[in-house]
Amino acid sequence: MEAMYLLEMRQIDKQFPGVHALDHVNFRVRAGEIHALMGENGAGKSTLMKILTGLYRKDTGEIILDGQQVSFNSPLEAQRAGISTIYQEINLIPYLSIAENIHLGREPMNRTGIDWKQVNQRAERILREMGVEADVTQPLCSYGTAVQQMVAIARAISVQAKLIVMDEPTSSLDEKEVEILFRQMRKLREKGIAIIFISHRLDEVFEICDTVTILKDGKLVSESPAAELSKLELVSRMIGRDATDVLRRKNGVYQGTGGVPVLEAHGITDKEKLRGVSLRIRQGEIVGLAGLLGAGRTELAKVIFGDNPDYTGTLAVNGQEVRWKAPRDAIAKGFAYCSEDRKAEGIFPHMSVRENMTMAILPRIARRGLVNVGRQKDIVDRYIKSLSIKTPGQEQLIRNLSGGNQQKVLLARWLCMEPRLIILDEPTRGIDIGAKAEIEALIQDIAGQGISVLLISSELEELVRNCHRVIVIRDGKNIGELESDMLSEGNIMRTIAQDILQEGGACI
Amino acid sequence: MKKKNLFYAFCKKHGVVFALLALILAAALLFPEFASYGNVTNILNQNSMIGIISLGMTFVILTGGIDLSVGSLAALSSVLAAVLSPKGSLAIMILVPLAVCTAMGLLSGLIIAKLQIAPFIATLGMMMAARGIALVMTDGGVSVSVDTGVAETFRLFARSYLLRVPAPVWLFVLLLVTGLYIARRTRSGRYVYAVGGNEEAARMMGLQPEKIKIAVYTVNGLLAGLAGLILASRLGAGQPVTCDGWEMTAIAATAIGGTLLSGGRGGLGGTAIGVFIIGVISNMINLQGSLSSWWQSIITGLLLLFVVMLQSHARANGTGSTEIAG
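Residues numbered from 1 in each chain as written. Chains lettered and ligands numbered in written order. Predicted model: local features only at pLDDT ≥ 70, side-chain atom pairs only at ≥ 80, totals over all residues.

Draft legend 1. Structural context of the packing of helix H3 (residues 70-84) of chain B against helix H10 (residues 209-235) of chain B. Residue and element names in this part refer to chain B. One can describe the packing of H3 onto H10 by two numbers: an axis separation of 7 Å at closest approach and a directional angle of 50 degrees. Viewed along their axes, H3 and H10 adopt a mutual orientation that is oblique. Two packed elements cross with a definite hand, and for H3 against H10 that hand is right-handed. Contacts from Val 70, Leu 73, Ala 74, Ala 75, Leu 76, Ser 77, Ser 78, Ala 81 and Ala 82 in H3 reach Asn 220, Gly 221, Ala 224, Gly 225, Ala 227, Gly 228, Leu 229, Leu 231 and Ala 232 in H10. Broken down by class, the residue content of the contact of H3 with H10 amounts to 12 nonpolar, 6 polar and no charged. (Axes fitted to C-alpha atoms, helices over the stretch in contact; angles between N-to-C directions. Helix = DSSP H or I, 4+ residues; strand = E, 2+ residues; numbered from the N terminus. Parallel < 35°, antiparallel > 145°, perpendicular 65-115°, else oblique. Left-handed = near helix turned anticlockwise from the far one by under 90°. Contact = placed C-beta atoms within 7 Å. Nonpolar A, V, L, I, M, F, W, Y, C, P; charged D, E, K, R; others polar.)

Draft legend 2. View of the interface of chain B and chain A. Each side of the interface is counted separately: chain B has 25 residues, and chain A has 28 residues. For the side of chain B that touches chain A, the secondary-structure elements that each account for two or more residues are helix H8 (187-197) and helix H9 (199-204) of chain B. Partitioned by chemical class, the residues of the side of chain B that touches chain A number 9 nonpolar, 10 polar and 6 charged.

Draft legend 3. Inspection of the confidence of the model for chain A at higher detail. Residue and element names in this part refer to chain A. Model confidence for chain A is summarised by a mean pLDDT of 84, while 91% of its residues fall at 70 or above. Taken together, the stretch residues 243-251 has pLDDT below 50 and engages in 19 contacts with residues farther than four places along the chain or on a different chain. Segment residues 500-508 is flagged for pLDDT under 50; beyond a separation of four residues in sequence, or across chains, it makes 11 contacts in the model. (pLDDT = per-residue confidence, 0-100.)

Draft legend 4. Structural detail: unusual backbone geometry. Residues and elements named next belong to chain A. Residue Asp 66 is not a glycine yet carries a positive backbone phi of 55 degrees. Within the secondary structure, Asp 66 is located in the loop between strand S4 (60-65) and strand S5 (68-70). Given 15 C-beta atoms within 10 Å, Asp 66 falls into the partly exposed group. Backbone geometry at Asp 217 places phi at a positive 50 degrees, although glycine is not the residue there. Relative to the elements of secondary structure, Asp 217 occurs in the loop between strand S11 (211-216) and strand S12 (219-225). (Buried ≥ 20, exposed ≤ 12 C-beta atoms within 10 Å, placed from the backbone.)

Draft legend 5. Just the UniProt feature "transmembrane region" (unreviewed entry) in chain B, in detail. Residues and elements named next belong to chain B. Under the local residue numbering, the UniProt record ascribes the feature "transmembrane region" (unreviewed entry) to residues 59-83, 90-113, 161-183, 214-233 and 293-310. Helix and strand shares over residues 90-113 are 100% and 0% respectively, and the end C-alpha atoms of the span are 34 Å apart. With 100% helix and 0% strand, residues 214-233 has end C-alpha atoms that lie 29 Å from one another. (UniProt positions renumbered as here; feature names shortened; annotations may be inferred.)

Draft legend 6. Summary view of the packing of helix H4 (residues 90-114) of chain B against H10(B). All names here are of chain B. Here H4 crosses H10 at 150 degrees, and the two axes come no closer than 7 Å. By the angle between their axes, H4 is roughly antiparallel relative to H10. When the axes of H4 and H10 are compared, the crossing they make is right-handed. Class assignment for the residues of the contact of H4 with H10 results in 15 nonpolar, 9 polar and 3 charged.

Draft legend 7. Quick look at the environment of Asn466(A). Residue and element names in this part refer to chain A. Position of Asn 466 relative to the elements: it lies in helix H16 (residues 460-466). On a C-alpha basis, the gap between Asn 466 and Ala 441 in space is 8.7 Å, while along the polypeptide they are 25 residues apart. Residues within four places of Asn 466 in sequence aside, it is in contact with Ile 286, Glu 440, Ile 443, Gln 444 and Leu 455.

Draft legend 8. Main features of the pairing of strand S22 (residues 452-456) of chain A. All names here are of chain A. Burial analysis of S22 places 5 of its 5 residues in the buried class, which makes it a mostly covered element. The two faces of S22 match: Ser 452, Leu 454 and Ile 456 on one face and Val 453 and Leu 455 on the other face are all buried. Sheet topology places strand S21 (residues 421-425) next to S22; 5 bridges connect them, and they run parallel. Opposite Asp 425, over in S22, you have Ile 456 as the bridge partner. (Pairing = 2+ DSSP bridges.)

Draft legend 9. Quick look at helix H7 (residues 167-185) of chain B. Residues and elements named next belong to chain B. Along its 19 residues, H7 runs 27 Å from first to last C-alpha, staying within 8% of the 27 Å computed at 1.5 Å per residue. Where H7 is concerned, the buried positions are Pro 168, Phe 172, Gly 179 and Ala 183. Down the axis of H7, the smallest arc covering the buried residues is 45 degrees, so these residues share one side. Facing away from the buried side of H7 by over 90 degrees, the exposed positions are Leu 174, Val 177 and Thr 178. (Expected span 1.5 Å × (residues − 1). Arc of directions from axis to C-beta.)

Draft legend 10. Structural detail: the sheet that holds strand S1 (residues 5-16) of chain A. All names here are of chain A. If you walk across this open sheet you meet the 4 strands as S2-S1-S4-S5, and the pairing is antiparallel. Looking at strand neighbours, the two that pair on one side only are strand S2 (19-30) and S5, the edges of this open sheet. With direction set aside, neighbouring strand axes in the sheet form an average angle of 25 degrees. Pairing of S4 with S5, which is carried by 3 bridges, proceeds in the antiparallel orientation. Note that in S5 the partner of Ile 63 across the bridge is Val 70.

Draft legend 11. Summary view of helix H14 (residues 403-415) of chain A. An ideal rise of 1.5 Å per residue puts 18 Å on 13 residues; H14(A) measures up with 18 Å between its terminal C-alpha atoms. Looking at H14(A), one finds that the buried residues are Gly404(A), Asn405(A), Gln406(A), Gln407(A), Lys408(A), Val409(A), Leu410(A), Leu411(A), Ala412(A), Arg413(A), Trp414(A) and Leu415(A).

Draft legend 12. Main features of the nonpolar core. If you look at the biggest cluster of nonpolar residues, it comprises 235 residues, and the most contacted ones within it are Ile423(A), Leu455(A) and Ile53(B). Ranked by residue count, the leading element in this core is H10(B), at 14 residues. (Core = buried A, V, L, I, M, F, W, Y, C linked by C-beta atoms within 7 Å.)

Draft legend 13. Summary view of the domain arrangement of chain A. Residue and element names in this part refer to chain A. For chain A, the assigned domains are domain 1 (2-239), domain 2 (248-334 + 419-487) and domain 3 (348-417). Each of domain 2 and domain 3 has a C-alpha centre, and these two points are 25 Å apart. Between domain 2 and domain 3, the residue contacts involve 10 residues of the former and 8 residues of the latter. For the side of domain 2 that touches domain 3, the element with the most residues is helix H15 (residues 433-448), which contributes 4 residues. (Domains from an automatic or database assignment.)

Here it is as structure tokens:
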């Protein structure tokens, strides 16, 4: 039986400081199949793939490729053994020609150096076989994402890969381009090449994949043929909760005034993920945004906050249509945004709690460019108390605070602006349970003061506990809205996996 | 559509060539003495040193780096040659400065590639250190004459002629051709472009960006040493305070020649043109006579800003049409 598998990763274990990234995971791929590797963020997919391609070392376990035990120390070694990787971010050289990108590192040589004629001819032949029309002597960057993705595949083919790892190859492609990619993938499958396909788009997985392996929290959940798996099962396995066993908990009902919504977004479409999302938030309402990773949640938040002016659709604040050019326009209308990536987009690590908290409000507490330090300190003092931020003092560097307290400082940064709407993107990610509860209590307080909240979270429980209403999006489109009695984890999951219910409700 | 694109691409690619030709034409019309044998030789000769340094600088910038140390290294090289001249051996006078400058370039490369120090800082340190060594060796900046025993022979290095063209110019041309060959026909040359274009991708493709980086700084050190030797030979002396700002001129020439300062795109041909654009401007100001030579800085600076603005404009409109067929 063993010979059936092109690749077998057995009992792979990997520890990072404080995290058991992979817990004795088994993963096997047959030749000539397209194998989906699924799991939410942090499930261990990329760690597993990085071990396979030689970027990480495994702690224990063995990798068997084509019946041979292997262990790669670098992507180059993996490549030589026939494993190619196509990354989400296209990893090619923009200014070099298409032909050169395909051959870089393995250029045909003649007596006077690189044989450019052969480089170009070979590249042309490979692309023609793939049905891609492009001038191979032109710089890669003069073509769009889809062609660049095809070039990456051409490179994989030209190194005679037996196994191609595709890490979210569709995330920057439009529907037509995805079709072209899928056609190539099917051709590769016919040639007996195995593909490991990582994507957050469920529809794609069911369209193209033969087998699905699901990881959660570093453990193997299941391996099964795609045909025997329902969308709902897939979602509940990824999220790790039995779909039937989800109870609805406490949930406050929105009691604010009807009135004009604070924010109304209609048909928001951007160049990448969003395909016409709409949403409406009233004063003091907590609206949740649910959906799998890559559904377009953060992208929507960025459009609402003016961080992506390149969109179509309309935004209205208190009934008046607005058109943002930059976040400062949104801030001027009383919007606030706590970003998902605290480290990269939120804190200034080498500055104090005081400076971090008052960075956005400085223009208001300064006169002729001079900061009124007295007022600044009063504000900081007030918020350290009211949010019970644990810090030795205002002057402590923010990087010395725990994640939960950093998050509170960021919240305070926006709260002291007295916003009308605050967008919280994964506010409890990476902070411990105690701090989580405090942040959640704060969210309720904020709403109680009449501030509207848009809460983005991957944790369905958190949405159910905190939100008055949850909007579910998938692949950049609204697919459902749940409130009051209907709002439960099970219903959110069912909504995400909706198609299958509409098709006959055969699951569970 | 396609024709128009080709024409546009041609202009974009060869714009600097036209700029240089226009400058030369203007100079020849304005100043009758411009086209004389003496003046042309002078321009070529004076710019061959900056030219040699700019070749190395182009490779460095193509990897996305920068090297501020080359002016100081050239000065150090000239001082070393002069200080070693009493030994009476031409071989020592030439090989030791070259070896020292190469070693210091190698050191910069190692610091940048292995310790991941920003090239600006690493080579700024090397720039100050090399200048300091040159000053220490000459008791604080006094020019050291080449020992009379070897002075005559050493002078030949810069002052011999072949087909009425001075030797340094031949050396520059030889290095330019070699450099072009390396850049276009060898793997190492292509990897320089790859590393500058997208270092992470290059690593994923199995290339070794560290090695490439170390190599370009080492070569740049060697070329700086060579330029310093030419200077010492021309002056008959080693001067610790010369070559000030050569690194900046070399960077300017590279940028004017169309190499992106962020790396990955450009080349030596453009740089050579850039060197002579700066050279001809400077020569025109000399010939004009009444303008102060500082005007050269002003004009070169404005030209540089203009070119860099054009580049960023071209980059913003970089991605073109997508053609795909099933």
